[in-house]
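This is what each chain is made of:
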Amino acid sequence: MARFGAAAAAAACLLAFVQSASNTPVHQVIQMLTEMKSKGKISMEAEKKTMATYTEWVDDRVTELGFEIKTASSDVEELSAFLDKTQSTIDGLESELGKLDANIAQLEGDQKTATAQRESETNEFVTAQQDYSESVDALAAAIQVLKAQNYDRPQAEMMLQKMAIKTRGMRRVLAAFIEETGKRQPGAPEVAAYESQTGGVIEVLENLLVKFKDELKSVEEAEANAAHAYDMEMLHTGNLIKQLTADHEEKGVRKGELLGELAQAKGQLTTTKADLAEDKKMLSDTQAIFEMKKKTFETNQEVRAAELEAIAKAIEIISAPDVAASYKSHVKLVQVAKRPVGSHGAMLLQEGSETSAARMAARHEAASLLRNRAASLSSKLLAAVAEDVLANPFAKVITMIEELLAKLKEEAAAEADHKKWCDGELKANKLKREKHTTAVDTLAAQVELLGSQIQTMAEELATLAKEQAALAEAMAEATADRQKEKATNEATIKDAVAAQEALKKALEILREFYSSVAEASLVQTKRQVPEMAAYKGMGGSSKGVIGMLEVIESDFSRLETDTRASEDQAASEYKTFMADSQAAKDTKHKREVQLKLDKDQTEFEQGQVKKDLASAQRKLDAANKYYDELKPACLEVHVSYEERVARREEEIAALRQAYEILDKKGKGADA
């Protein structure tokens, strides 16, 4: 009876396993146990009829036992061969899995090494690209400034040194410039234009610009080639890792399946050997056990009742949610001033009351001369004097001509002085306008260059801000995903552990029960009657159930192991991702802070240059305004200075001729 109580307890633990586990091995176990229960009941009734027909059974049983012994022996050989072959296959799979693990680890190490080298090369490229780009920009700006005004060579070099202090990349340019100009042989004759103008300097800088652009292009091409080679290597290595991982998973699944088959085959082998030994013993003891038929029959009835009770308890335990539902959810679902020209004052020549014909003739001759010259010279002055010669007394005409001659000479002298003054002012104004224009152009170019640098910095700052925000978002998402994944894995592990504990307990109870039944059977067999074999439970079915439960237990064990490995790998990958992302974020933040300082400094420099530009523009505007004031007095004339001087000389010559005519003929008349 104690044995029967233990069987009941074993069944109670086993059958707390199966509820809501349809279409799973657990469901199959429930079905099998139910069938066993039904079969047990039928067997009990059948055994009652056995007693009446036992004598007829003895002859048939001898033949049957011989056949069973032969079949069991063959099954033992087949199962032994299957176990050896399966174990060998499992050993081979374990060796291959080890090699795959080593190969995957090696490839992943190669990936990390290549990635670290690529990052180092990329950092070197970014530094080199920035240096060359800044040098190219600085060279372009320097050439533009030098072309805008005519510096001599020392001034040009001084300007380059000044730019090297403030402009990024200019120090490299200055060093290259000094090295290039130093290649000229000391004492070799220089072209005059090179010593006095910027032509030679500009030529050197333009050659350096071409050289730097070529070097920048070479650096960029080398980086592009290296990046492409890295991408191809990563693609190839990644594909290999995927292939090896898939192969690893496939072999792992196959290994698990074989382990299940191995456990089941071991159970079958043990059962078959026991059956074989029993059959042999029963064949020799059939005659000796006939007298114990009644007692054996009664004992068998009690065993059957206890077995049915144990099976009922087992169904109850396996149907519990902590085993059946856990198995179903985890195992099956495991992813300028004008000078006024004075009016000609008329000085009257008083004549004597008597005028001789000679004087009149002289006046007419002089007037005719003056009119002719006035016509040829288009001179209003000579025309007016010709009229005055006829209209005024002789003496007054003489005096008038003398005064006109004197005045014309004064005007000529005054105009010469005015021209000299205009020439001086215009020249000085021109030099001043050119100087201020050059300054304005140079400063405007600097403002534009600084503005371009500020815009570039602002764009880079915006990009850095976006990249930092993206990194922060990615890190937050990764953290949230990691937490969810960790919670899921922990729950899965917990469920798997609980299920394994329940399965171990159920297996322990069932094994204990069937073991005790087998031992009791062995003892009673010696005292059974020949017609009745001792009933020791549904041995074959029980082994199948135990084997299946062992497979289910191995599924939960594999689930726990795989989930723990997956959790460890995910935690490691999360840690690496967060460290790499934080490092990238810190680098971008440092670059952002430095770039803001550089931008502020550049904006300050631009503000100072704008002030200088405004001052230079005011000076240029003042020079242009004074030039506009100089134009009416010095430039805007209808007749050129030379033409005016020539006409005045001819007017003076005509007046002198008229004066000589009047003076000669007037003196002759007086004589």
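These figures come from a predicted structure and were not determined experimentally.

What counts, and where the lines are drawn
- Residues numbered from 1 in each chain as written.
- Predicted model: local features only at pLDDT ≥ 70, side-chain atom pairs only at ≥ 80, totals over all residues.
- Heavy atoms only, no water.
- Helix = DSSP H or I, 4+ residues; strand = E, 2+ residues; numbered from the N terminus.
- Buried < 20%, exposed > 50% of the residue type's maximum accessible area, 1.4 Å probe, protein only.
- Areas by Shrake-Rupley, 256 points an atom, 1.4 Å probe, with all protein chains shown as cover.
- Salt bridge = Lys/Arg side-chain N within 4 Å of Asp/Glu carboxyl O.
- Contact = heavy atoms within 4.5 Å.
- Phe/Tyr/Trp six-rings, centres within 6.5 Å; stacked < 30°, edge-to-face > 60°.
- Lys NZ or Arg CZ within 6 Å of the ring centre and 35° of its normal.
- pLDDT = per-residue confidence, 0-100.
- Patch = residues over 30% accessible without salt bridge, like charges linked within 9 Å, V, L, I, M, F, W, Y side chains within 5 Å.
- Lys, Arg positive; Asp, Glu negative; His and termini not counted.
- Charge placed at Lys NZ, Arg CZ, Asp CG, Glu CD.

Caption draft 1: Quick look at the overall build of the protein. Broken down by element type, the protein carries 13 helices and zero strands. Seen in sequence order, the protein has helices and strands lined up from the N terminus as α-α-α-α-α-α-α-α-α-α-α-α-α. Across the 671 residues of the protein, 36% fall into the buried class. Taken as a whole, the protein presents about 38,600 Å² of accessible surface, with 54% of it coming from carbon and sulfur.

Caption draft 2: Here's a closer look at the environment of Ala469. Summarising the element assignment, Ala469 is placed in helix 11 (residues 394–525). Taking the C-alpha atoms as reference points, Ala469 and Lys585, 116 residues apart in sequence, are found 9.0 Å from one another.

Caption draft 3: Quick peek at the pattern of salt bridges. Tallied over the full model, the rule gives 14 salt bridges. Measuring nitrogen to oxygen at the nearest pair gives 3.8 Å for the salt bridge that ties Glu592 to Lys596. Here Lys596 and Glu592 lie together in helix 12 (residues 539–635), a separation of four residues that amounts to about one turn. Note that Glu603 and Lys599 form a salt bridge whose closest N and O atoms lie 2.6 Å from each other. Residue Glu603 and its partner Lys599 are located together in helix 12, separated by four residues, close to a single helical turn. Each of Glu96, Asp247 and Lys251 takes part in one network of salt bridges that share partners.

Caption draft 4: Looking closely at the side chain of Asn429. Note on placement: Asn429 falls in helix 11. Here Asn429 falls in the buried class, since its relative accessible area comes to 4%. Dropping the residues within four chain positions of it, Asn429 is found in contact with Ala623, Tyr626, Tyr627 and Leu630.

Caption draft 5: The packing of aromatic side chains, seen in detail. As enumerated under the stated definition, the model contains one aromatic pair in all. Geometrically, the ring pair formed by Tyr132 and Phe212 is edge-to-face, given 6.2 Å between the ring centres and 80° between the ring planes. Separated by 80 residues along the polypeptide, Tyr132 in helix 2 (residues 25–148) and Phe212 in helix 6 (residues 199–285) bring together distant segments of the chain. The exposure class of Tyr132 is buried, given its relative accessible area of 15%. Accessibility expressed as a relative area gives 4% for Phe212, which makes it buried. Looking at Arg433, its charged tip hangs above the ring of Tyr627, at a distance of 4.1 Å from the centre.

Caption draft 6: How the structure looks around the confidence of the model for the protein. Averaged over the protein, the pLDDT score is 76; the fraction of residues at 70 or greater is 74%. Contacts for the low-pLDDT stretch residues 1–21, under 50 throughout, to residues beyond four places or in other chains number 97 contacts. Under a pLDDT of 50 for its full length, residues 525–531 has, in the predicted model, 42 contacts with residues more than four places off or in other chains.

Caption draft 7: The environment of Leu507, seen in detail. Mapping Leu507 onto the fold places it in helix 11. Given a relative accessible area of 1%, Leu507 falls into the buried group. Sequence separation between Leu507 and Gly547 is 40 residues; the distance between their C-alpha atoms is 9.5 Å. Setting aside residues up to four positions removed in sequence, Leu507 forms contacts with Ile546, Leu549, Glu550 and Glu553.

Caption draft 8: Broad picture of a positive patch on the surface. A surface patch of positive charge is lined by Lys432, Lys435, Arg618 and Lys619. Mapped onto the positive patch, the elements with two or more residues apiece are helix 11 and helix 12. Counting through the fold element by element, Arg618 comes out in helix 12.

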